Amino acid sequence: MRAVMNEMSWVGRQEPFIDHPHVSALYHIMVGRYGGHSRSGAKKNEDGCLVWACEKADWEFAAILDAHHSAESAELVIKGLKGIKADLLKAIHLDVPESFKELETRILTLFRSAEFRNECQKVKGETACLLVFRKENYVWWLSIGDCVLYLFHPELAAFDQYQLNQRNFYEWIGKVNTFEKPVPCFSSGTRELRKGKTILLLATDGMIECPRAGYENAESVYQVFKQAENANASVHHLLKTVEENRGRDSATLIAWQIDCSVEGSEPSDGRIPPELREE
């Protein structure tokens, strides 16, 4: 019998959260939303998100979207993912590694389809899009545009590694659409998790580019999670800091903790970085 799956989805024009940071939970996943500070000129929220979660924490699927000119492109992507939900869940419930391969194939098939691309030409504006799927001790992502996926683990922090993808500008889905190009441009990857506690965080640019917050530095974001009691408190802290610094752009965050019992890969000669050696 499969574990219970639940979901949430949202776009900013449903509830913009201007001047009002808001954090909610779907099982162990924290979803933070903030529409910006009205005194800095915030008038609308064009972000969006989708989260599917397994009650037993066997897997998570999440997407964040940062649209501009209108929220229509974000709504279209969420509608498209919901439209193939049954197919995506079939892929999710396959064994590893087939689940990752099949999920990516089905999502790219959607984005490349003539029907979806035609719908993109009818919307106002375009959106950055970041999709993430975690199952067992692996995480997969597909990134179009400038949203960020962080992976926080002390062993990786010792090497100043905090981020899985790179922000890429001039990539979107919507009126201007990378999947209309002869060669669509996006990035994707799969990462093995380390043993112990890992935090995954998806973020739109309202957090990253907030003036005076310091969150353009990924290590500063890591320190928030390192010092806070849990992911809930961390997301609250990040959004509160954006509010206090009167960030104008919308900030959407999705964060959760994975406790991995599987040993990660180690070098064949058993080398351990000096920072991690026991005295």
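In the block above lies the structure referred to throughout.
Numbers given for residues are sequential positions, taken from 1 along each chain in its written order. With the structure being a predicted model, the display of local features is reserved for residues of pLDDT at least 70 and the display and counting of side-chain atom pairs for 80 or more, all residues being used for whole-chain, interface and lining totals. With hydrogens and water excluded, all non-hydrogen atoms of the structure serve as input to the side-chain values.

Engineer: It is not clear to me how the overall build of the protein chain should be interpreted in this structure. Could you clarify?
Structural biologist: Scanning the protein chain from N- to C-terminus turns up eight helices and twelve strands. For a compact globule the rule gives 2.2 Å times the number of residues to the power 0.38, and the radius of gyration it is set against comes from C-alpha atoms. Over its C-alpha atoms the protein chain spans a radius of gyration of 18 Å, differing by no more than 12% from the 19 Å that the globule rule assigns to 279 residues. Principal-axis analysis of the C-alpha atoms places the extent of the protein chain at approximately 60 × 45 × 40 Å. Burial status follows relative accessibility: with a 1.4 Å probe on protein chains alone, a residue under 20% of its type maximum counts as buried, one over 50% as exposed, and anything between as partly exposed. In the protein chain, buried positions account for 51% of the 279 residues. Runs of H or I in DSSP of at least four residues are treated as helices and runs of E of at least two as strands, each being numbered from the N terminus.

Engineer: I would appreciate a short explanation of the pairing of strand β4 (residues 47–54) in the present structure.
Structural biologist: Successive side chains on a regular strand alternate, one facing one side of the sheet and the next facing the other. In terms of burial, β4 is largely enclosed, as eight of its eight residues are buried. The alternating pattern of β4 places D47, C49, V51 and A53 and G48, L50, W52 and C54 on opposite faces, both of which are buried. Each pair of strands is called paired provided DSSP finds at least two bridges between the two strands. Where strand β1 (residues 5–11) meets β4, seven bridges bridge the pair, whose relative direction is antiparallel. Bridge assignment links M8 to a residue of β4, and that residue is V51. With seven bridges connecting them, β4 and strand β5 (residues 59–68) associate as antiparallel partners. Bridge assignment links G48 to a residue of β5, and that residue is L65. Two successive antiparallel strands, β4 and β5, enclose a turn made up of four residues, where A57 displays a positive phi of approximately 60 degrees.

Engineer: Please clarify how the pairing of strand β3 (residues 29–34) should be interpreted in this entry.
Structural biologist: Counting buried residues along β3, six of its six residues qualify, which places the element largely inside the surrounding structure. Note: strand β2 (residues 22–26) against β3, five bridges, orientation antiparallel. In the sheet register, S24 faces β3, and the bridge partner there is V31. A loop of two residues connects β2 with β3, the two strands running antiparallel in sequence, and Y27 in this loop sits at a positive phi of about 55 degrees. Bridge count for β3 against strand β12 (residues 251–260) is five bridges, and the pairing is antiparallel. Residue R33 lies in a different strand from β12, and its bridge partner there is T252.

Engineer: Teacher, can you tell me more about the sheet that holds strand β11 (residues 196–203) here?
Structural biologist: Overall, antiparallel pairing links the five strands, which are arranged β2-β3-β12-β11-β8 in an open sheet. Lying at the two open borders of the sheet, with one neighbouring strand each, are β2 and β8 (148–152). Taking each pair of neighbouring strands and ignoring which way they run, the sheet shows an average axis angle of 15 degrees. In the sheet, β8 pairs with β11 via five bridges, with the strands oriented antiparallel. Across the sheet, the residue bridging to L151 is L200, located in β11. The contact criterion used is simple: two residues touch if any of their non-hydrogen atoms lie within 4.5 Å. To obtain an axis, a line is fitted to C-alpha atoms, over the contacting stretch when the element is a helix, and the angle between two such axes runs from 0 to 180 degrees between their N-to-C directions. Across the sheet, helix α7 (residues 218–227) lies against β8, β11 and β12, angled at about 55 degrees from β8, the strand it touches most. Lying over the sheet, helix α8 (residues 231–244) contacts β2, β3, β11 and β12, oriented at roughly 10 degrees with respect to β3.

Engineer: How do you make sense of helix α2 (residues 85–92) when you look at a structure like this?
Structural biologist: Along an α-helix, a turn takes 3.6 residues, which lines up residues three or four apart on a common side. Looking only at α2, the buried set comprises L88, L89, A91 and I92. Down the axis of α2, the buried set is contained in an arc of 155 degrees. They therefore lie on one face. In this structure, α2 carries A86 and K90 as exposed residues pointing more than 90 degrees from its buried face. Check the buried side of α2 and you find it contacts β1, β4, β5, α1 (72–83), α3 (98–112) and β6 (126–135). What the arc measures is the spread of directions leading from the helix axis to the C-beta atoms.

Engineer: Help me understand a negative patch on the surface, please; the structure alone is not making it clear to me.
Structural biologist: Here a patch means residues that are over 30% exposed by relative accessible area and free of salt bridges, tied together within 9 Å if like-charged and within 5 Å if nonpolar (Val, Leu, Ile, Met, Phe, Trp, Tyr). Per-residue accessibility takes into account occlusion by the displayed protein chains alone, with areas from the Shrake-Rupley method and a 1.4 Å probe. Basic side-chain nitrogens of Lys or Arg form a salt bridge, by our definition, when they fall within 4 Å of a carboxyl oxygen of Asp or Glu. For the charge count, each Lys or Arg is scored as positive and each Asp or Glu as negative, with His and the chain ends excluded. Just so you know, the charge point we use is NZ for Lys, CZ for Arg, CG for Asp and CD for Glu. Judged by side-chain charge, D58, D95, E98 and E136 come together as a negatively charged surface patch. Within the secondary structure, E98 is located in helix α3. For E98, a relative accessible area of 43% translates into the label partly exposed.

Engineer: Where do I start with the packing of α7 against α8 in this structure?
Structural biologist: Relative placement of two packed helices is described by the angle separating their axes and the distance separating the axes. At a closest axis distance of 8 Å, the pairing of α7 and α8 adopts a crossing angle of 135 degrees. Looking at the two axes, α7 sits oblique to α8. With respect to the hand of their crossing, α7 and α8 are arranged in right-handed fashion. Note on element contacts: α8 touches α7 through A231, S234, H237 and L238, opposite V221, V224 and F225. For the contact of α7 with α8, the residue count by class is five nonpolar, two polar and no charged. Any angle from 65 to 115 degrees is called roughly perpendicular, while one under 35 is roughly parallel, one over 145 is roughly antiparallel, and all others are oblique. Should the near helix be turned counterclockwise from the far one by less than a right angle, the crossing is left-handed, whereas a clockwise turn marks it as right-handed. Only Asp, Glu, Lys and Arg are considered charged, only Ala, Val, Leu, Ile, Met, Phe, Trp, Tyr, Cys and Pro nonpolar, and every remaining residue, Gly among them, polar.

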